[in-house]
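Coordinate inspection notes
Spelled out, the chains give:
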Amino acid sequence: MSFFPKISFQREVEEYLTNVFRNNELITALGTQEVERRYQSLLSHLSNPPSFTTVRVNTHLASVKHVKKMLFEEIQKQFKGLCVPVLEHPKLQDILLIPVIGPRQDLKKHASEVIVGAHCGYAVLRGAHVYVPGIISTSRFMKAGDLVSVYSDIEGKCKRGAKEFEGVKIFLGNGISELSRSEIFNSSGPLNGMGVRMIEPVYLSPSFDNVLPSHLFLQNLPSVVVSHILNPQPGERILDMCAAPGGKTTHLATLMRDQGEVIAMDKIAKKVKKIKQNAELLQLNCIKAFCYDGTKALSVEKREDEQGKK
């Protein structure tokens, strides 16, 4: 049984998945029970974090073997007394895999609670601590240093600053509050620091906050595969039309050995700034980032010429 509630979809998504995974062709080939078993297995996997945390090695700066050794040492510092392996992906040579341990169902829940938004909750399940912008509510008398239980408001119904919440919430683990309730909600200016330091997450996954930042990039496998399929070569010019935060952009530049040109665009200025920061952090110089809407990148004159040839 899944640790989390069964995932639910909007009607059009449910219809699409049914057409793909529960269609008559599959039922004829595999039988109704097997098709349904596979579909329920898919829903269960979608309801839980991945079994592995995937990180991409910046091979522009160091070898996979060298970074693997450094990462293993860093993880052992976090998981004191627990030996967690660092594995090399069997097919993607620049990817390292760290097994995720969980769900841990024997954790004691504390009276003091912190409610976070869904996006913050996703990050916590992947090993992150809780940062102030993700906190929606806390218990009435929470103080800095308190042991707290962290929950995710998966339906988005908790009101900011609420002193209690009885809606649907998912337990994410326990932590230590870095700030009091009044510091979080009564601050005269925006707070961006850590709100809760997670010490007992339901899913034990390493935190990558400031861990080998120039040598590693936290990136999901599908995103990594895209760059390998494109197979960019040194000296080529590549356009990434929706590039933020720069995962595929920096990967392309790395595969090109920082030789050539990767033009990265995004229509939001803050996201473009993030692309530039990641490129600088990974010491990649062939990336040129622009604040521009990729759907409008083709000039009016060029569009008219193309339409005239049809």
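Scroll up to find the structure.
An account of the accompanying structure is given in this report. Predicted, not measured: the structure shown is a model, and the values here were computed from it. (Residues numbered from 1 in each chain as written. Predicted model: local features only at pLDDT ≥ 70, side-chain atom pairs only at ≥ 80, totals over all residues. Heavy atoms only, no water.)

**Re the packing of helix α1 (residues 11–21) against helix α3 (residues 32–46)**
Under the convention used in this document: Structural elements are reduced to axes, namely lines fitted to C-alpha atoms, with helices fitted over the stretch in contact, and the angle between N-to-C directions of any two is expressed from 0 to 180 degrees. We count a stretch as a helix when DSSP gives it H or I for four or more residues in a row; a strand needs E for two or more, and each element gets its number in order from the N terminus. What sets the label is the angle itself: under 35 degrees gives roughly parallel, over 145 gives roughly antiparallel, 65 to 115 gives roughly perpendicular, and the rest give oblique. Rotating anticlockwise by less than a right angle from the far helix to the near helix defines a left-handed crossing, while the corresponding clockwise rotation defines a right-handed one. Two residues qualify as a contact provided that any one of their heavy atoms is within 4.5 Å of a heavy atom in the partner residue.
Here α1 crosses α3 at 135°, and the two axes come no closer than 11 Å. The angle between α1 and α3 places the two elements in the oblique class. In the packing of α1 onto α3, the handedness of the crossing is right-handed. On α3, the residues that touch Glu14, Leu17, Thr18 and Phe21 of α1 are Val35, Tyr39 and Leu42.

**Observations concerning the pattern of salt bridges**
Definition in use: Salt bridge, as applied in this entry: a Lys or Arg side-chain nitrogen positioned within 4 Å of an Asp or Glu carboxyl oxygen. Each residue's exposure class comes from its accessible area (1.4 Å probe, protein chains only) as a fraction of the maximum for that residue type: buried when under 20%, exposed when over 50%, partly exposed otherwise.
Scanning the model with the defined rule gives 15 salt bridges in all. With a shortest N-O distance of 2.9 Å, Glu34 and Arg38 are connected by a salt bridge. Separated by four residues within a single helix, Glu34 and Arg38 lie in helix α3, roughly one turn from each other. The salt bridge partner of Lys69 is Glu73, with a shortest N-O separation of 2.9 Å. Taken as a pair, Lys69 and Glu73 lie in helix α4 (residues 64–78) at a separation of four residues, close to a single helical turn. For Lys69, a relative accessible area of 53% puts it in the exposed group. Taking relative accessible area as the criterion, Glu73 reaches 39% and is therefore assigned partly exposed. The structure contains a network of salt bridges with shared partners spanning Glu14, Arg22 and Glu36.

**Focus: helix α9 (residues 269–281)**
How we decide: In this scheme, a helix's expected span is set at 1.5 Å multiplied by one less than its residue total. Working definition: the arc comes from the directions between the helix axis and the C-beta atoms, pointing outward to the latter.
Helix length check: α9, at 13 residues, gives a terminal C-alpha distance of 18 Å against a target of 18 Å (1.5 Å per residue), a fit within 8%. Three or more residues of α9 are buried, namely Val272, Ile275, Asn278 and Ala279. Projected onto a plane normal to the axis of α9, the buried residues spread over an arc of 120° and lie on a single side. Relative to its buried face, α9 has exposed residues pointing more than 90 degrees away, namely Ala269, Lys270, Lys273 and Glu280. Phi for Gln283, located one or two positions after α9, is positive at around 60°.

**Looking at the sheet that holds strand β11 (residues 237–240)**
Note the following rule: A pair of strands is treated as paired once DSSP finds two or more bridges between them.
Taken together, three strands build an open sheet; the order of strands is β11-β12-β13 and the sheet is parallel. In this open sheet, the two edge strands, each paired with only one partner strand, are β11 and β13 (287–291). Neighbouring strand axes in the sheet, compared pairwise and without regard to direction, differ in orientation by 15° on average. Across four bridges, β11 lies against strand β12 (residues 261–266) in parallel orientation. Residue Asp240 lies in a different strand from β12, and its bridge partner there is Ala264. Contacts from α9 reach β12 and β13 within the one sheet, and its direction differs from that of β13 by about 170°.

**Comments concerning the packing of aromatic side chains**
In this description, a pair of aromatic rings is defined by centroid distance and the angle of the planes. The test is simple: Side-chain rings of Phe, Tyr and Trp, where Trp is taken by its six-membered ring, are said to pair if the distance between their centres is within 6.5 Å; with planes under 30 degrees apart they count as stacked, over 60 as edge-to-face, and otherwise as tilted. In this analysis the charged atom, NZ for Lys or CZ for Arg, is taken to sit over a ring once it is within 6 Å of the ring centre and within 35 degrees of the ring normal.
Tallying each qualifying case throughout the model produces one aromatic pair. A ring pair is formed by Tyr151 and Phe171, whose centres lie 5.5 Å apart and whose planes are at 50°; its orientation type is tilted. Of this pair, Tyr151 sits in strand β7 (residues 147–152) while Phe171 sits in strand β8 (residues 170–177), placing them 20 residues apart in sequence. Since its relative accessible area comes to 7%, Tyr151 is described here as buried. The ring of Phe171 has Lys109 lying over it, and the distance from NZ or CZ to the ring centre is 5.0 Å. The ring of Tyr151 carries Lys169 above its face, with NZ or CZ at 4.9 Å from the centroid.

**Description of a nonpolar patch on the surface**
To be explicit about the condition: Only residues whose relative accessible area exceeds 30% and that take part in no salt bridge are eligible for patches, with like-charged residues grouped when within 9 Å of each other and nonpolar side chains (Val, Leu, Ile, Met, Phe, Trp, Tyr) grouped when within 5 Å. Residue-level accessible areas treat just the shown protein chains as cover; the underlying method is Shrake-Rupley with a 1.4 Å probe.
Judged by side-chain polarity, Tyr16, Val20 and Phe21 come together as a nonpolar surface patch covering roughly 280 Å² of accessible area. Take Phe21: it is sitting in helix α1.

**Focus on unusual backbone geometry**
The peptide bond linking Gly102 to Pro103 adopts the cis configuration, its omega dihedral lying at 0°. Considering the arrangement of structural elements, one finds Pro103 in the loop between β3 (95–99) and β4 (113–116). Note that the residue after Ala244, namely Pro245, is joined by a cis bond; omega there is 0°. Of note, Pro245 is situated in the loop between β11 and α8 (247–255).

**Details of the state of the cysteines**
Which entries qualify depends on this criterion: The criterion for a disulfide is a pair of cysteine sulfur atoms lying within 2.5 Å.
Tallying each qualifying case throughout the model produces zero disulfides. Between Cys158, a cysteine without a disulfide, and Cys120, which holds the nearest cysteine sulfur, the sulfur-to-sulfur distance is 13 Å.

**Topic: the pairing of β4**
One ladder, built from four bridges, connects β4 with β7; its direction is parallel. Across the sheet, residue Glu113 finds its bridge partner in β7, namely Ser149. Where β4 and strand β6 (residues 135–138) come together, three bridges link them in antiparallel fashion. Pairing of Val116 across the sheet is with Ile135, part of β6.

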